[in-house]
Amino acid sequence: MPTLTITGKTTVYGILAHPIDHVRAPTVFNPQFETHGIDAVMVPFHVHPDDLPAAVAGMKANRSLRGLCVTVPHKVAIAEMCDELGAGAKRVGAANAVLFDADRRMIGDNFDGQGYVAGVKAGGFDFTGKDVLQLGAGGAGMAIAFAVAEAGAASLSIANRTVAKADELASRVHKLFPGCAVRGLPADADPAGYDLVINTTSLGLHDGDPLPVDIARLDAATVVSEIIMIPEETALLKAAKAGGHAVHYGRPMLDEQIKLIAAFIGCPIPA
Ligand SMILES: NC(=O)c1ccc[n+]([C@@H]2O[C@H](COP(=O)([O-])OP(=O)(O)OC[C@H]3O[C@@H](n4cnc5c(N)ncnc54)[C@H](OP(=O)(O)O)[C@@H]3O)[C@@H](O)[C@H]2O)c1
């Protein structure tokens, strides 16, 4: 367990959530601060949604506080309270990191999409010119769809239980990245013919969930990617490995986001 020395000069960061017990950001950031001699600390900020405006007013007034990680259920509300949003947050209308600048203005951004793409790239997959099938069009899926198109995919098909959400997301992504052919599909659309299949649905979080896609219908060379982190090896990944497919796990998305968020909130973690 690292021991931080806190003084009047220590920069404070918060992880904003409700509930708070499950958050892991302090256990990720504080050892990094200690290892790299960064005079900073990250602490939990347990704020009920009803109290968010009062908490934000207090945070703006607290000059020791430099930035926040933001998680459920505050990502959309905090984005609406920011003075400025980066590209990732603007696209999805939600922020998972906030920086307080010298004038105590709040700058928000969202690194879900960038983190996902960086994680898969680090695992050796190049999106350029690829045909991608994304399962799901929820909060994380929205961010990932923009990032996949931005990373140079030739086409992106978004299959979702609620097809209208897939269609709407596809049209927004295509508008911003017209070089990528984007379409919405029903959840049971044919999954053959893709280089990469990404599961962004929450299917796989719980024992007994059905698989989000029938692995037997994928091409042999299709790579299968997951964003669920617990369990580490979801039923989808197990089935994909058993079927001989290369797989990418959910954890690198978080690891890459931590680096991106750390740089954004002003405490870059050296490589
Ligand atoms: N690795 C990471 O860093 C990271 C980051 C963020 C999230 N995640 C994981 O990503 C997953 C999704 O999170 P989220 O915030 O995007 O959730 P969300 O906004 O609630 O979206 C859930 C998605 O799953 C679909 N879905 C849910 N239940 C389904 C079912 N029974 N059958 C078919 N489709 C179903 C939803 O379809 P509808 O639109 O039809 O409801 C929607 O597309 C979670 O498992 C979360 O743990 C991982």
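A brief look at the structure comes next. (Residues numbered from 1 in each chain as written. Predicted model: local features only at pLDDT ≥ 70, side-chain atom pairs only at ≥ 80, totals over all residues. Heavy atoms only, no water.)

**Observations concerning the overall build of the chain**
Scanning the chain from N- to C-terminus turns up nine helices and twelve strands. Relative to the globule expectation of 18 Å for 271 residues, the C-alpha radius of gyration of the chain, 19 Å, shows essentially globular dimensions. Here the C-alpha coordinates of the chain stretch approximately 60 × 40 × 35 Å along the principal axes. Every one of the 271 residues in the chain was classed for burial, and the buried ones make up 47%. The contacts of the chain with a sequence gap of at least 6 include a subset with a gap of at least 24, amounting to 68%. Here the chain has roughly 12600 Å² of accessible surface; of this, 56% comes from carbon and sulfur atoms. Taken together, the 22 basic and 29 acidic charged side chains of the chain have centroids lying 5 Å from each other. (Helix = DSSP H or I, 4+ residues; strand = E, 2+ residues; numbered from the N terminus. Rg over C-alpha atoms; globule rule 2.2 N^0.38 Å. Buried < 20%, exposed > 50% of the residue type's maximum accessible area, 1.4 Å probe, protein only. Contact = heavy atoms within 4.5 Å. Areas by Shrake-Rupley, 256 points an atom, 1.4 Å probe, with all protein chains shown as cover. Lys, Arg positive; Asp, Glu negative; His and termini not counted. Charge placed at Lys NZ, Arg CZ, Asp CG, Glu CD.)

**Describing the site of the ligand**
Around the ligand, the surrounding shell holds 22 residues, and the nearest of these are Ala 140, Asn 160, Thr 162, Lys 165 and Ile 227. At 2.9 Å, a side-chain N or O of Arg 161 approaches an oxygen atom of the ligand. Contact distances for the ligand include 3.2 Å between an oxygen atom and a backbone N or O atom of Ser 202. Here the ligand has 930 Å² of accessible area as a free molecule, and 71% of this is covered by the chains. (Near = heavy atom within 4 Å. Polar contact = N/O pair within 3.5 Å; in protein donor to acceptor, adjacent residues only side chain to side chain.)

**Overview of the pattern of salt bridges**
This model, assessed by the stated rule, comprises nine salt bridges. A salt bridge links Glu 84 to Arg 105, with the nearest nitrogen and oxygen atoms 3.0 Å apart. With Glu 84 in strand 4 (residues 84-85) and Arg 105 in the loop between strand 5 (97-100) and strand 6 (106-109), this pair connects stretches of sequence that are 21 residues apart. Notably, a salt bridge pairs Glu 233 with Lys 241, separated by 2.9 Å at the nearest N-O pair. Taking relative accessible area as the criterion, Glu 233 reaches 28% and is therefore assigned partly exposed. Given a relative accessible area of 40%, Lys 241 falls into the partly exposed group. Ionic contacts of the salt-bridge type, sharing partners, join the residues Glu 84, Asp 101 and Arg 105 into one network. (Salt bridge = Lys/Arg side-chain N within 4 Å of Asp/Glu carboxyl O.)

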